[in-house]
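Spelled out, the chains give:
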Amino acid sequence: MKRLNADHNPRNKDRCEGQELSRSGEAAPGTQTGPTEVCRGPAGSSMASVAEYYAGKSVLITGATGFMGKVLVEKLLRSCPEVKALYILVRPKAGQSMQQRVNDMMKCKLFDRVREDNPDFHQKIVAISSELTQPGLAISSQDVATLTACINVVFHCAATIRFDEPLKHALQLNVIATQQLLGLAQQMHHLEAFIHVSTAYANCNRKHIDEVVYPPPVEPKKLIESLEWMDDGMVRDITPRLIGERPNTYTYTKALAEYVVQQEQDKFSIGIIRPSIVGASWQEPFPGWIDNFNGPSGVFIAAGKGILRTMRANNDAVADLIPVDVVINLTVAAGWYTAVHRPKTALVYNCTTGGINPFHWGEIEHHVMSSFKRNPLDQAFRRPNANITSNYLINQYWILVSHKFPAFIYDLFLRLSGQKPQMMRIFNRLHKAIGLLEYFSSQDWEWGSENISMLMGQLTPEDRKIFNFDVRQLNWPEYIENYCLGTKKYVLNEDMSDIPAARQHLRKLRNIRYTFNTLLVVFIWRVFIARSQMARNIWYFVVSLCFKFLSYFRASSTLTN
Ligand SMILES: CCCCCCCCCCCCCCCCCC(=O)SCCNC(=O)CCNC(=O)[C@H](O)C(C)(C)COP(=O)(O)OP(=O)(O)OC[C@H]1O[C@@H](n2cnc3c(N)ncnc32)[C@H](O)[C@@H]1OP(=O)(O)O
Ligand SMILES: NC(=O)C1=CN([C@@H]2O[C@H](COP(=O)(O)OP(=O)(O)OC[C@H]3O[C@@H](n4cnc5c(N)ncnc54)[C@H](OP(=O)(O)O)[C@@H]3O)[C@@H](O)[C@H]2O)C=CC1
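Please read all numbers here as calculations on a predicted model, not as lab measurements.

Participant: Would you explain the UniProt feature "transmembrane region" (unreviewed entry) in the chain in this entry?
Facilitator: What UniProt calls "transmembrane region" (unreviewed entry) maps, in this numbering, to residues 514-532 and 538-555. Helix makes up 100% of residues 538-555 and strand 0%, and the two end C-alpha atoms of the span are 26 Å apart.

Here it is as structure tokens:
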């Protein structure tokens, strides 16, 4: 471990020696953040509660229109009501101007509680036009001047989270844009904390992951320079060699980004948050809030609609889901801690559940299925009945029997009735998506969580409740139930009052299945009987046995009367 010369920087003058809270030693010298040393900030500031700290502060958020960014904006407005302003970097998209997008975002149900507390909450949100893939993040010089003059805390959430992103694009957004944002942060006169949102899977090539920044797979600067002159075809060809044991360009570029962020730890105080698989909210602002198909949500929905019947996953592997509100509470608290205590080196927080309150994919399957049977989704294709298996061949068999065959029959029916076939197309997309997720559901990892415990210990009892990230209290079955309901209400926008009709629909599907199965058995049997003497003999034997039993039963009941 090399202690970096934080005190060479005038901004770090009042950093002081602190007590050691955790020690982990695997990373290479000069690249690891541990042991995590903390130090007291200026007298009095360490006594401030989280909300007191954010009072009067200006905060910059990237990725505020995304899943986690929105929850972060909401939480800061609701639980730190004295925050001065939230500057959010937003780009125009899909024919909508930046302002239209921000207006739509603020109308979202997620903000209902904030709206109740403060109907004028939108006045605190300042949208700044920015395209992160452009030079200078495409922020106007006037906006740069505003940001450098007033920002106290930066939360960097923006990223491409697609698993199939071409390397050049993933690098552009996840690494180069991060570098540019760090450049902007350096110019900020009053910056107190820079919080970077990474992923717990940035180092998924390791089995045990400590709260340290590991050596990058390649020096980011060199990679950026090399990719500059390569055309897309060349980059595509060398991507598998570059990403090595990592499953995709997403985890690879997130690992590089962590390193790039850590390189700036001498210049300002940094925190790196590493959430695992972020799911619907647990408690805040209400249980079950979710607004996208990413990660497990798409899988749950596909299973709830009866489309997904089989997937490769290990029943006994830990499903490291983490509720979005837990991640955001930790992020806000880490912002407070980083600003107030000014750690000498970037502190990494592994925001995971597996080591603290483990739950397994097999259990997830059970609870998701029973939840969707109790509260079905509208117009299910078949009755929800998904099974996970770690066996490749068994999975392939069920894909053929339970995915491809029904899709073929359904598309045939659509064709015959003059409609456009669609089921095969849906299944092809589903297979692509689950194929990309299987890596994460087929194995498990261990994450160290000393910094999380340390942070929890630093909060006042009141803050521990307001910014709760103690997942020991998480009741998984209840959480999964609310998660499934959340996908129904907020992702699919289905009406809860239609649940009785959805149940009726499932009963209809069950009856269709029973009828179909009975007809199939009768048909096969008839074909068999017509062709085989042995089958006929068995059939006569069974029928005569039934008759004998009936006559015996009749005779014995006549005698007793
Ligand atoms: C009950 C059984 C129990 C099962 C248990 C097993 C569950 C396993 C779950 C494992 C999750 C592991 C996640 C690991 C997360 C790593 C953590 C992070 O840092 S990173 C954070 C995590 N990052 C991610 O999760 C990113 C993963 N997603 C991707 O990379 C891309 O979306 C894509 C490659 C899958 C499809 O690309 P492309 O073909 O260009 O198409 P589009 O993108 O345009 O979408 C097309 C359609 O598909 C829809 N849909 C989307 N996702 C899913 C899904 N998962 N599923 C189903 N559907 C999905 C989408 O809504 C759309 O529908 P529609 O509007 O047309 O109707
Ligand atoms: N979701 C998960 O399971 C996990 C997420 N994370 C991390 O959390 C962070 C947030 O993830 P999440 O909220 O789920 O992701 P989303 O995809 O929901 O949000 C991504 C955000 O980044 C913005 N963005 C993307 N490209 C650009 C661009 N070129 N210019 C400006 N803004 C851009 C998006 O803006 P726009 O709306 O304009 O597209 C959006 O606001 C990411 O860093 C991710 O790596 C970590 C672990 C798990």
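Alright, that's what it looks like, and here's the rest.
Participant: Can you help me understand the site of ligand 2 in this one?
Facilitator: Around ligand 2, 26 residues are found, and the nearest of them are Thr65, Arg91, Arg101, Glu131 and Tyr250. A distance of 2.9 Å separates an oxygen atom of ligand 2 from a polar atom in the backbone of cysteine 157. Here an oxygen atom of ligand 2 sits 3.1 Å away from a polar atom, N or O, in the main chain of valine 278. A total of 890 Å² of accessible area belongs to ligand 2 in isolation, and the protein chains cover 89% of it. Those elements that provide at least two residues to the shell around ligand 2 are helix H2 (67-79) and helix H9 (249-262). Its residues assigned to classes, the shell around ligand 2 comprises 13 nonpolar, eight polar and five charged.

Participant: What is the right way to read the sheet that holds strand S13 (residues 347-351) from this model?
Facilitator: The pairing of strands in a sheet happens through backbone hydrogen bonds and is either parallel or antiparallel. Reading across from one edge, S5-S4-S3-S6-S7-S9-S13 is the order of the seven strands in this open sheet, with parallel pairing throughout. The sheet is open, and its two borders are formed by strand S5 (125-129) and S13, each paired with just one other strand. Each adjacent strand pair in this sheet contributes to an overall mean axis angle of 20°, direction not counted. Pairing analysis gives four bridges linking strand S6 (residues 153-156) to strand S7 (residues 193-197), with the strands arranged parallel. Within S7, the position partnered with histidine 156 by the bridge is histidine 196.

Participant: Please clarify how the site of ligand 1 should be interpreted in this entry.
Facilitator: Around ligand 1, a shell composed of 27 residues is seen, among which Arg162, Phe163, Tyr250, Phe293 and Gly295 lie nearest. Arginine 162 has a polar side-chain atom sitting 2.6 Å from an oxygen atom of ligand 1. Threonine 199 places a side-chain nitrogen or oxygen 2.9 Å from an oxygen atom of ligand 1. Counting only elements with at least two residues in the shell around ligand 1, the list comes to helix H10 (296-304), helix H12 (361-374) and helix H14 (423-441). Per element, the largest residue contribution to the shell around ligand 1 is seven residues, and it comes from H14.

Participant: I'm lost on the packing of aromatic side chains in this one. Help?
Facilitator: This model, assessed by the stated rule, comprises 23 aromatic pairs. Aromatic pair tyrosine 410 and phenylalanine 413: ring centres 6.2 Å apart, planes at 40°, arrangement tilted. Of the two residues, tyrosine 410 and phenylalanine 413 are both situated in helix H13 (residues 392-416); the distance of three residues between them amounts to about one turn of the helix. Site record: aromatic cluster; members linked through ring pairs are Phe163, Tyr201, Tyr250, Tyr439, Phe440, Trp445 and Trp447. Against the face of phenylalanine 467 rests lysine 75, its NZ or CZ located 4.8 Å from the ring centre. One cation-aromatic arrangement involves lysine 109 over phenylalanine 286; the distance from NZ or CZ to the ring centre is 5.0 Å.

Participant: Any chance you could explain the nonpolar core here in plain terms?
Facilitator: When a protein is soluble and globular, its nonpolar side chains tend to lie buried together. Core analysis: the biggest nonpolar cluster contains 110 residues, and Tyr54, Val73, Leu76 and Tyr349 have the highest contact counts within it. Beyond its immediate chain neighbours, meaning those up to four positions away, tyrosine 54 contacts Val59, Leu76, Cys80, Glu82, Val83, Lys84, Val153, Phe155, Val332, Gly335 and Trp336. The next biggest cluster of nonpolar side chains, apart from the first, holds 42 residues, and it includes Leu89, Ile128, Leu132 and Leu227.

Participant: I'm lost on unusual backbone geometry in this one. Help?
Facilitator: Excluding glycine, residues mostly carry a negative phi; peptide bonds, for their part, are mostly trans. Residues glutamate 284 and proline 285 are joined by a peptide bond in cis, for which omega reads -10°. For proline 285, the location among the structural elements is in the loop between strand S10 (277-279) and H10. Residues other than glycine seldom take positive phi values, yet leucine 137 does so here, at roughly 60°. Residue placement: leucine 137 occurs in the loop between S5 and helix H5 (141-150). Look at leucine 137 and you get buried, because its relative accessible area is 2%. At alanine 138, a residue that is not glycine, the phi angle is positive and equals roughly 55°. As for its placement among the helices and strands, alanine 138 is situated in the loop between S5 and H5.

Parameters and conventions
- Residues numbered from 1 in each chain as written.
- Chains lettered and ligands numbered in written order.
- Predicted model: local features only at pLDDT ≥ 70, side-chain atom pairs only at ≥ 80, totals over all residues.
- Heavy atoms only, no water.
- UniProt positions renumbered as here; feature names shortened; annotations may be inferred.
- Helix = DSSP H or I, 4+ residues; strand = E, 2+ residues; numbered from the N terminus.
- Near = heavy atom within 4 Å.
- Polar contact = N/O pair within 3.5 Å; in protein donor to acceptor, adjacent residues only side chain to side chain.
- Areas by Shrake-Rupley, 256 points an atom, 1.4 Å probe, with all protein chains shown as cover.
- Nonpolar A, V, L, I, M, F, W, Y, C, P; charged D, E, K, R; others polar.
- Pairing = 2+ DSSP bridges.
- Axes fitted to C-alpha atoms, helices over the stretch in contact; angles between N-to-C directions.
- Phe/Tyr/Trp six-rings, centres within 6.5 Å; stacked < 30°, edge-to-face > 60°.
- Lys NZ or Arg CZ within 6 Å of the ring centre and 35° of its normal.
- Core = buried A, V, L, I, M, F, W, Y, C linked by side-chain atoms within 4.5 Å.
- Buried < 20%, exposed > 50% of the residue type's maximum accessible area, 1.4 Å probe, protein only.
- Contact = heavy atoms within 4.5 Å.

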